[in-house]
Amino acid sequence: MPLPVTPPAEIPPTNPRLDAVPAYRQGRSAPAGASKLSSNESPHPPLPSVVSAVADRLGSLHRYPQMAAPEIIGRLAERYRVDPALVTVGAGSVELASQLIHAVAGEGDEVVFAWRSFEAYPSLVRIAGATPVMVPLDAEHRHDLDAMLAAITERTRLVFVCNPNNPTGTVVGPEELERFVAAVPRDVLVVIDEAYVHFDGSAYFADAPGATDPERGAGLELFRRHPHVAVLHTFSKAYGLAGLRIGYAIAPSAVAAAQRKVAVPFGVTDLAQAAAVASLDAQDELAVRIAEVTAERDRLHDVLIDAGWPAVRSEANFVWIPAGERSAELDGLLHDGGVVARTFPGEGVRISAGSAQDVDRVAAALAASTRNPAHPTAAVREEATA
Ligand SMILES: *Cc1c(COP(=O)(O)O)cnc(C)c1O
């Protein structure tokens with residue numbers, strides 16, 4: 001019998017589990033000349049030393065990367081004084097978040113995390129067949145750790161703590177976090193996602209060794225003190241390697257071994273590995289950039305407050321404005337001023353801390369608002385709309 005010319009749309013059938021999974025939405029791209037402040041990227045182009053480390057590998061593109069990533073894993077293990085077997089790398093820490101979920105959870109299991117938080121969590125959990133349990137942030141846009149504890153059941157296998165939280169920029173202090181970790185049952189993995197830890201001046205146990213190291217945040221200290229903690233770090237944000245895709249996890253040995261089983265082979269290129277090593281060699285230069293970004297972040301916060309928007313104090317490289325119903329209005333103002341932010345309709349707007357010029361642009365965009373009667377264009381607009 002001949003095949004029908006137009007097969008029914010549902011053939012071949014797709015995994016019904018995916019029906020509830022939205023495709024990941026990338027931060028909006030920006031038209032030429034606009035400030036792209038929608039993806040928490042570094043405003044700085046890569047360091048020359050990093051570019052040259054990558055360029056040195058271009059002649060070997062016909063070879064597969066080293067899957068065990070020995071150099072970068074060795075460097076990270078040395079830096080954090082952990083067994084290299086506990087360190088895994090992935091194509092960005094989002095891949096490692098996925099590995100960790102697959103390593104410990106499956107059909108019928110639950111994964112607890114705050115909401116709103118990193119947009120990838122709900123999808124990654126559903127793709128693994130597990131159920132996301134989303135616990136609302138508190139009134140200060142912070143993790144509600146008591147409510148998260150109360151949400152843990154015998155089906156819970158993993159809890160994410162995004163610290164600082166994306167998109168709100170709020171943090172859970174080290175002592176608070178330790179009380180939480182100690183209260184979570186030992187058979188539940190606590191994953192502390194520290195994608196923005198470099199920008200967080202409050203992330204340290206004051207008495208921890210190396211408390212001044214911008215990367216030795218609370219996560220690593222808790223990893224040392226408790227058997228059921230994993231930490232996620234990335235080279236994408238503070239280190240400016242978002243385009244190369246490399247992050248790392250430090251996890252208990254059984255979990256790290258399981259991650260290696262679920263990892264898609266050869267996910268991390270040699271170029272990314274080399275760039276990460278070169279970045280570790282450029283700590284001082286990167287520290288200067290990080291300090292610039294945090295200064296601009298605070299200025300961005302003040303600019304927003306001065307213009308009457310309810311910006312939340314941030315410890316990351318972005319600022320959250322819980323503008324609620326006025327989110328679209330803020331998005332429109334920014335857009336008209338050549339600034340592309342990330343807007344969650346009806347909820348809020350997240351603006352990444354860019355360069356000084358980017359923040360100046362935000363200031364100009366807000367000043368152009370008809371809400372600001374001091375601005376020359378306001379009167380004109382008033383007339384036009386009157
Ligand atoms: C950006 C981000 C990541 C991961 O970024 P990668 O580029 O995949 O390393 C992980 N967690 C949070 C909370 C993020 O915002």
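So, how was this worked out
Residues numbered from 1 in each chain as written. Predicted model: local features only at pLDDT ≥ 70, side-chain atom pairs only at ≥ 80, totals over all residues. Heavy atoms only, no water. Helix = DSSP H or I, 4+ residues; strand = E, 2+ residues; numbered from the N terminus. Rg over C-alpha atoms; globule rule 2.2 N^0.38 Å. Buried < 20%, exposed > 50% of the residue type's maximum accessible area, 1.4 Å probe, protein only. Phe/Tyr/Trp six-rings, centres within 6.5 Å; stacked < 30°, edge-to-face > 60°. Lys NZ or Arg CZ within 6 Å of the ring centre and 35° of its normal. Core = buried A, V, L, I, M, F, W, Y, C linked by side-chain atoms within 4.5 Å. Domains from an automatic or database assignment. Contact = heavy atoms within 4.5 Å. Pairing = 2+ DSSP bridges. Axes fitted to C-alpha atoms, helices over the stretch in contact; angles between N-to-C directions. Parallel < 35°, antiparallel > 145°, perpendicular 65-115°, else oblique. Left-handed = near helix turned anticlockwise from the far one by under 90°. Nonpolar A, V, L, I, M, F, W, Y, C, P; charged D, E, K, R; others polar. Salt bridge = Lys/Arg side-chain N within 4 Å of Asp/Glu carboxyl O. Lys, Arg positive; Asp, Glu negative; His and termini not counted. Polar contact = N/O pair within 3.5 Å; in protein donor to acceptor, adjacent residues only side chain to side chain. Near = heavy atom within 4 Å. Areas by Shrake-Rupley, 256 points an atom, 1.4 Å probe, with all protein chains shown as cover.

Enquirer: If you had to explain the overall build of the protein chain to someone new, which residues and values would you point to?
Expert: Looking only at helices and strands, the protein chain features 13 helices and 12 strands. For 386 residues, the compact-globule estimate of 2.2 N^0.38 gives 21 Å, and the C-alpha radius of gyration of the protein chain, at 22 Å, lies within 12% of that figure. Each principal axis of the C-alpha distribution contributes one length, and for the protein chain these read about 70 × 65 × 50 Å. Looking at the 386 residues of the protein chain, the share that counts as buried comes to 52%.

Enquirer: Can you tell me about the packing of aromatic side chains, naming the residues and giving the values?
Expert: Tallied over the full model, the rule gives 10 aromatic pairs. Pairing F118 with Y121 gives two aromatic rings, centres 5.4 Å apart and planes at 90°, and the pair type is edge-to-face. As far as the burial class goes, F118 and Y121 line up, both buried. Taken together, F113, W115, F118, Y121 and F160 form an aromatic cluster joined through their ring pairs. Residue placement shows R350 over the ring face of F318; its charged tip is 5.7 Å from the ring centre.

Enquirer: Requested: an account of the nonpolar core, with residues and values cited.
Expert: Counting 64 residues, the largest nonpolar core has I72, F180 and F235 as its most contacted members. Ranked by residues supplied to this core, first place goes to helix 9 (residues 270-280) with seven residues. Mapping this core onto the domain boundaries places at least three of its residues in each of domain 1 (30-44 + 284-385) and domain 2 (48-282). Among all residues touching F180, those that are not within four sequence positions of it are L145, M148, L149, V159, V161 and V190. Judged by nonpolar contacts, the second largest core, of 24 residues, contains V111, F118, A120 and L232.

Enquirer: Residue-level account of the pairing of strand 7 (residues 229-234), with values.
Expert: Burial analysis of strand 7 places six of its six residues in the buried class, the great majority of the element. Residues of strand 7 alternate between two faces, with V229, V231 and H233 on one and A230, L232 and T234 on the opposite face, all of them buried. In the sheet, strand 6 (residues 189-193) pairs with strand 7 via four bridges, with the strands oriented parallel. Across the sheet, D193 pairs through a bridge with L232, a residue of strand 7. In this structure, strand 7 lies alongside strand 8 (residues 247-250), joined through four bridges in antiparallel fashion. Counterpart to T234 in the pairing with strand 8 is G247.

Enquirer: Outline the packing of helix 3 (residues 93-104) against helix 4 (residues 120-127), listing residues and values.
Expert: Packed helices, taken two at a time, are described by their axes: the angle between them and the distance between them. Here helix 3 crosses helix 4 at 40°, and the two axes come no closer than 9 Å. For the element pair helix 3 / helix 4, the angle class is oblique. For the pair helix 3 and helix 4, the crossing hand works out as right-handed. For the pair helix 3 and helix 4, contact is made by V94, A97, S98, I101 and H102 and by A120, L124, V125 and I127, respectively. Tallied by class, residues from the contact of helix 3 with helix 4 come to seven nonpolar, two polar and no charged.

Enquirer: Lay out the pattern of salt bridges in plain terms, naming residues and giving numbers.
Expert: Taken as a whole, this structure holds 18 salt bridges when the rule is applied. Residues R326 and E329 are paired through a salt bridge, measuring 3.0 Å at the closest nitrogen-oxygen approach. Note on R326: relative accessible area 32%, which makes it partly exposed. In the salt-bridge network here, residues are joined through shared partners; they are R297, D298, D302 and R313.

Enquirer: Give me the lowdown on the environment of V125, citing residues and values where you can.
Expert: Structurally, V125 can be placed in helix 4. Owing to a relative accessible area of 0%, V125 belongs among the buried residues under this scheme. Separated by 171 residues in sequence, V125 and E296 have C-alpha atoms that sit 34 Å apart. Not counting chain neighbours up to four residues away, the residues in contact with V125 comprise I101, V111, F113, A130, T131 and P132.

Enquirer: Which residues make up the side chain of D193, and what values do they have?
Expert: With respect to the element layout, D193 can be found in strand 6. Buried charged residue D193 carries no salt bridge. Nearest counter-charge: K237, at 7.3 Å. Only 3.2 Å separates the side chain of D193 from the backbone nitrogen of A195, close enough to count as a polar contact. With near-sequence residues (within four places) excluded, D193 lies in contact with F118, Y121, V161, C162, N163 and L232.

Enquirer: Kindly report on the site of the ligand, identifying the contributing residues and their values.
Expert: Of all residues adjacent to the ligand, which total 13 residues, the nearest are S93, Y196, T234, S236 and K237. Side-chain polar atom of R245 to an oxygen atom of the ligand: 2.7 Å apart, as the coordinates give it. The protein chains hide 94% of the 380 Å² of surface that the ligand would expose on its own. For the shell around the ligand, a count of residues per class yields five nonpolar, five polar and three charged.

Enquirer: Which residues make up the sheet that holds strand 8, and what values go with them?
Expert: Across the sheet, seven strands lie side by side as 2-8-7-6-5-3-4; this open sheet has mixed pairing. With one partner strand each, in any of the chains shown, strand 2 (87-90) and strand 4 (131-136) form the two edges of the open sheet. The mean inter-strand angle of the sheet, taken between neighbouring strand axes irrespective of direction, is 20°. Direction of pairing for strand 2 relative to strand 8: antiparallel, over a ladder of four bridges. Across the sheet, the residue bridging to V87 is I250, located in strand 8. The sheet contacts of helix 2 (residues 70-80) involve strand 2, strand 7 and strand 8, and relative to strand 2 the element is tilted by about 135°. Strands in contact with helix 7 (residues 218-225) are strand 6, strand 7 and strand 8; relative to strand 7, the strand with the most contacts, it is inclined by about 150°.

All quantities given are derived from atomic positions and should not be read as evidence of function.
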